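Structural features, examined
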Amino acid sequence: MSYFMSAVLGFVQGVAEFLPISSSGHLTLFQHFFGMEEADQLFNVLLHFATLLAVCVVYWRDIWEMIVEFFCFLGDMFSHRRYRGNPPEARRMVLLIIVGTLPLFLVLPVKSEVEAFGNNPIFVCCALLITGCILFLSDQMARGHKNARNATLLDVLLVGVAQGCATIPGLSRSGCTISTGMVRGFDRKFAVRYSFLMSLPAVLGATLLEVLDVIKLDGGVPQENLPKYLLGMAVAAVVGYFSIRLVQLLADKGRFGAFAFYCWGAGGLFLLLNFIGWTLVPPAA
């Protein structure tokens, strides 16, 4: 893998991980039609970790408050103290994220079967078209008023189900979760904030598991590739930061429809290319 390809993969990860256009779907289609080099397992894990860092930078205050409240909750529980009045918003946010993450455990037994859908470009194109419909409909939702203080457990559980469904290649995780939140009456800013904060335990858990597997199988990080890995991570983190800011801006203004038209255009274009058999990948000898 060259330095240029490392930067390109980092850019694609930073853009598609947060913009509601499906990072897994785009990587699948680019590899199939343009012969884009597929990242090795460790590099792919590190790119996801870099975009996780971007979320931490944008929402560092929320994350810090949730960590403090989590340990305060444990202290109250072990000392048998009861919290009087309504709990702090950050403490309730911890509960909402835990509940919203639970549906992902239902996906784990069929994880390999779900990922196998990514081998079919037609399926991925159709999933992109569905993503476009979801984003377009979310724009039509009336502005809600729910936030961390009054969102119900059923609300976040349904958002979590949407996150589980979005493990299907071509369905956007951020698009599905933010749109579901809007359907459930979330304030637009809260829908975006909850979607990205909810991604942290899922991405962190997957990253730790993948790193352990890589270390076990490959014996560690190949030193000759370390500079390329760091370059890709830096690009993914910086681009991811600005992608999050863009999503915040457009969701608040009710402009997700712009991404809907993109998903329809990309899905339709790649379907056409598949139909006519066009590809830049040279045929096998």
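If you're wondering where the values come from, they're calculated on a predicted model, not measured in any experiment. (Residues numbered from 1 in each chain as written. Predicted model: local features only at pLDDT ≥ 70, side-chain atom pairs only at ≥ 80, totals over all residues. Heavy atoms only, no water.)

**What about the nonpolar core?**
As a reminder, the rule being used: Note on terminology: a nonpolar core comprises buried Ala, Val, Leu, Ile, Met, Phe, Trp, Tyr and Cys residues joined through side-chain atoms within 4.5 Å. The classification of residues rests on relative accessible area computed with a 1.4 Å probe and restricted to protein chains. Under 20% of the type maximum is buried, over 50% is exposed, and intermediate values are partly exposed. The numbering of helices and of strands both runs from the N terminus, where a helix is a DSSP run of H or I of at least 4 residues and a strand a run of E of at least 2.
Judged by nonpolar contacts, the single largest core of 52 residues is most densely connected at Y59, M93 and Y194. If you tally residues by element for this core, the top one is helix 11 (residues 188-218), at nine residues. With 12 residues, the next largest nonpolar core counts L9, L47, Y229 and M233 among its residues.

**A short note on the packing of aromatic side chains**
How we decide: Ring pairs are drawn from Phe, Tyr and Trp, using the six-membered ring of Trp, whenever the two centres fall within 6.5 Å, and their geometry is named by plane angle: stacked under 30 degrees, edge-to-face over 60, tilted for the rest.
Tallied over the full model, the rule gives 12 aromatic pairs. When the ring of F43 is compared with that of Y229, the centres are 5.3 Å apart and the planes differ by 15°; the resulting orientation is stacked. Within this pair, whereas F43 is found in helix 3 (residues 41-58), its partner Y229 is found in helix 12 (residues 226-252), the two being separated by 186 residues in sequence. Here the two residues F43 and Y229 agree in accessibility, since each one is buried. Relative to W264, the ring of F136 has its centre 5.6 Å away and its plane inclined at 45°; by these criteria the two rings are tilted. Here W264 lies in helix 13 (residues 257-276) and F136 lies in helix 8 (residues 121-139), a separation of 128 residues in the sequence.

**Overview of the pattern of salt bridges**
Opposite charge on two side chains makes pairing possible when the charged atoms of those side chains draw close. What counts here: Here, a salt bridge means any Lys or Arg side-chain nitrogen found within 4 Å of an Asp or Glu carboxyl oxygen.
Scanning the model with the defined rule gives six salt bridges in all. Here D62 and R193 are joined by a salt bridge, their closest N and O atoms 2.6 Å apart. With a gap of 131 residues between them, D62 in helix 4 (residues 60-78) and R193 in helix 11 connect regions that are remote in the sequence. Its salt-bridge partner being R193, residue E89 comes within 3.0 Å of it at the nearest N-O pair. You can see E89 sitting in helix 5 (residues 89-101) and its partner R193 sitting in helix 11, a full 104 residues away along the chain. Beyond isolated ion pairs, a larger network of salt bridges with shared partners links D62, E89, R149 and R193.

**Some remarks on the side chain of R173**
The condition is simple: The charge count treats Lys and Arg as positive and Asp and Glu as negative. His and the chain ends do not count. N or O atoms closer than or at 3.5 Å make up a polar contact, with two conditions inside protein: a donor-capable atom paired with an acceptor-capable one, and, for residues adjacent in sequence, both atoms drawn from side chains. Contacts were defined at the residue level, with two residues in contact if any of their heavy atoms lie within 4.5 Å.
The topology assignment puts R173 in helix 10 (residues 173-183). Buried within the structure, R173 lacks any salt-bridge partner; its nearest side chain of opposite charge belongs to E17, at an N-O separation of 5.2 Å. Polar side-chain contacts of R173 include one of 2.8 Å to the side chain of Q163. Residues within four places of R173 in sequence aside, it is in contact with Q163, A166, S195, F196, M198 and S199.

**Quick notes on helix 12**
How we decide: A helix's residues, less one, multiplied by 1.5 Å, set its expected span.
Spanning 27 residues, helix 12 covers 39 Å between terminal C-alpha atoms, matching the ideal 39 Å at 1.5 Å per step. Within the sequence span of helix 12, burial applies to K228, Y229, G232, M233, A236, V239, G240, S243, I244, V247, L250 and A251. Following helix 12 by one or two positions, G254 has its phi on the positive side, about 70°.

**Some remarks on a nonpolar patch on the surface**
Stated formally: Patch definition: residues with relative accessible area over 30% and no salt bridge; like charges joined within 9 Å; nonpolar side chains (Val, Leu, Ile, Met, Phe, Trp, Tyr) joined within 5 Å. Every accessible area reported is derived by Shrake-Rupley at a probe size of 1.4 Å, with residue values counting cover from the shown protein chains alone.
Residues I98, L102, F105, L108, L154, L157, L158 and V161 make up a contiguous nonpolar surface patch of about 710 Å² in total accessible area. In terms of residue count, helix 9 (residues 153-165) provides more of the nonpolar patch than any other element does, four residues in total. Overall, L108 belongs to the exposed group, its relative accessible area being 52%.

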